[in-house]
Amino acid sequence: MKNYLQRKLLGMLPLLFLVSAAAFALVRLIPGDAATAYLNAMNAPITEAALHKVQKDLGLDKPVVVQYGIWLKQALSLDFGLSYMTKRPVIDELMLGFYYTAVLTGSAVVWIIVFSLPLGIMAGRRPGSFMDQFIRAMTFLGSSIPSFWLGFLLVEFFSLRLKLLPVQGAGTLKNILLPSITLACSYLAMYTKMLRGGIVEHSGGTYVLYARARGLKRRTILWRHILPNALNPVLTSLGLSLGSMLSGAVIVENVFAWPGMGRVIVRAVAGRDYPVIQGYILVIAAVYIMLNLGVDILCAMLNPRIFTEEET
């Protein structure tokens, strides 16, 4: 296991380097100019002298390669520079937004586990039954609804009509219910279908026939033999989805005015705030990689043969 983790961690370094280079290059392809956006935000007149001064103050007058070298050296010590717009350290802004995004994503994962696990098991144990068809229809509907549209529907019904839940904010437990449900809905449908398919597939395995021949109960076979194997692809996909949820919560956070990284990056893109955009991409990439590493370890714990196959 130690060699397995070492190889995974070493493989992260070149990947993060490529991500940092791509992030630095791509943000400069965004239409518009950071100096012009900065002057517009300050309501200052845009003149040649003003543009030259802002570019010098922000370090944009140096060659791009030099700018990248300076930024990469700082980033290695988790110093992503100062925000052009707020003049605050980028890492502080990102970590504050990341906290709220992580809370939102974690709450969505709770919804996914609470509902997709029992629904997937109920549908997979009796394929073709009324319950199976009903769950499949509901998951198809859930995966077809765009998250922004679902968010507006929930706000209209629970906030504006019933007045049960707040429209925006992040101060109480009530604030997180609607955005977390909105974020979880499409993923919940996907994992219910995936778990159902895995249970149906593994139920016909040879090891299941042997377990039945030994006289094991159906519930024991399900929980000890079928479910651990059916969960492996689900957990692997969940690792990918966690990164997607963190980076893709932009729409949900803006619908519900949730103060997460989504709102931070929207403001940064609008203001051509290069340090914030670059730091955001690098942080999301690092979190994405670490989540996948954690899921790989969890899958290997459920199926120790993975470590053996990696070693050979």
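Structure shown above.
Nothing here was measured: the structure is a model prediction, and the numbers come from that model. Here the residue numbers are simple positions, counted from 1 along each chain's written sequence. With the structure being a predicted model, the display of local features is reserved for residues of pLDDT at least 70 and the display and counting of side-chain atom pairs for 80 or more, all residues being used for whole-chain, interface and lining totals. Side-chain measures were taken over the full set of non-hydrogen atoms in the model, leaving aside hydrogen atoms and water.

A. Main features of the overall build of the chain. Strands here are runs of E lasting at least two residues and helices are runs of H or I lasting at least four, both read from the DSSP assignment and numbered beginning at the N terminus. Scanning the chain from terminus to terminus reveals 14 helices and 0 strands. Secondary structure elements of the chain, listed N to C terminal, follow the sequence α-α-α-α-α-α-α-α-α-α-α-α-α-α. In terms of its C-alpha atoms, the chain occupies a principal-axis envelope of roughly 85 × 60 × 30 Å. Burial here depends on accessible area, computed with a 1.4 Å probe over protein chains only, as a share of the maximum for the residue type. Under 20% is buried, over 50% is exposed, and the range in between is partly exposed. Taken across its 312 residues, the chain has 41% of its residues classed as buried. Surface accessibility follows the Shrake-Rupley procedure with a 1.4 Å probe radius. Residue values consider only the protein chains on display as shielding. Of the roughly 17100 Å² of accessible surface on the chain, 68% is carried by carbon and sulfur atoms. None of His or the chain ends enter the tally, which takes Lys and Arg as positive and Asp and Glu as negative. The atom standing in for a charge is NZ when the residue is Lys, CZ when it is Arg, CG when it is Asp and CD when it is Glu. Looking at charge distribution, the chain has the averaged site of its 28 positive side-chain charges lying 13 Å from that of its 16 negative ones.

B. A look at the nonpolar core. By nonpolar core we mean a set of buried residues, namely Ala, Val, Leu, Ile, Met, Phe, Trp, Tyr and Cys, connected to one another through side-chain atoms within 4.5 Å. Trp71, Phe80, Tyr84, Leu94 and Leu282 are the most contacted members of the largest nonpolar core, which has 37 residues in total. Listed by contribution, the elements that provide at least two residues to this core are helix 1 (2-27), helix 2 (34-41), helix 3 (48-58), helix 4 (64-75), helix 5 (90-125), helix 12 (261-270) and helix 13 (274-302). Top element by residues in this core is helix 13. It accounts for 10 residues. The contact rule is simple, with two residues in contact once any of their heavy atoms fall within 4.5 Å. Once residues within four sequence positions are removed from consideration, Phe80 is found in contact with Trp71, Ala75, Val90, Ile91, Pro275, Gly279, Leu282 and Val283. By size, the runner-up hydrophobic cluster in this structure holds 34 residues, among which are Val155, Leu227, Ala230 and Val234.

C. Spotlight on the packing of helix 5 against helix 12. Interaxial distance between helix 5 and helix 12 falls to 7 Å at its minimum, and their mutual angle equals 140 degrees. On the basis of their axis angle, the class for helix 5 and helix 12 is oblique. From helix 5, Glu93, Leu94, Gly97, Phe98 and Thr101 reach across to helix 12, where they touch Met261, Gly262 and Val264. Throughout this entry, Asp, Glu, Lys and Arg are counted as charged residues, while Ala, Val, Leu, Ile, Met, Phe, Trp, Tyr, Cys and Pro are counted as nonpolar. The remaining residues, Gly among them, count as polar. Considered class by class, the residues forming the contact of helix 5 with helix 12 number 4 nonpolar, 3 polar and 1 charged. Every axis in this analysis is a line fitted to C-alpha atoms, fitted for helices over the stretch in contact. Angles between the N-to-C directions lie between 0 and 180 degrees. Oblique is the label for any angle not covered by the other classes, which are roughly parallel (under 35 degrees), roughly antiparallel (over 145) and roughly perpendicular (65 to 115).

D. Just unusual backbone geometry, in detail. Positive phi, normally seen in glycine, also occurs at Leu78, with a value near 60 degrees. Relative to the elements of secondary structure, Leu78 occurs in the loop between helix 4 and helix 5. Backbone geometry at Lys87 places phi at a positive 65 degrees, although glycine is not the residue there. With respect to the helices and strands, the residue Lys87 is situated in the loop between helix 4 and helix 5.

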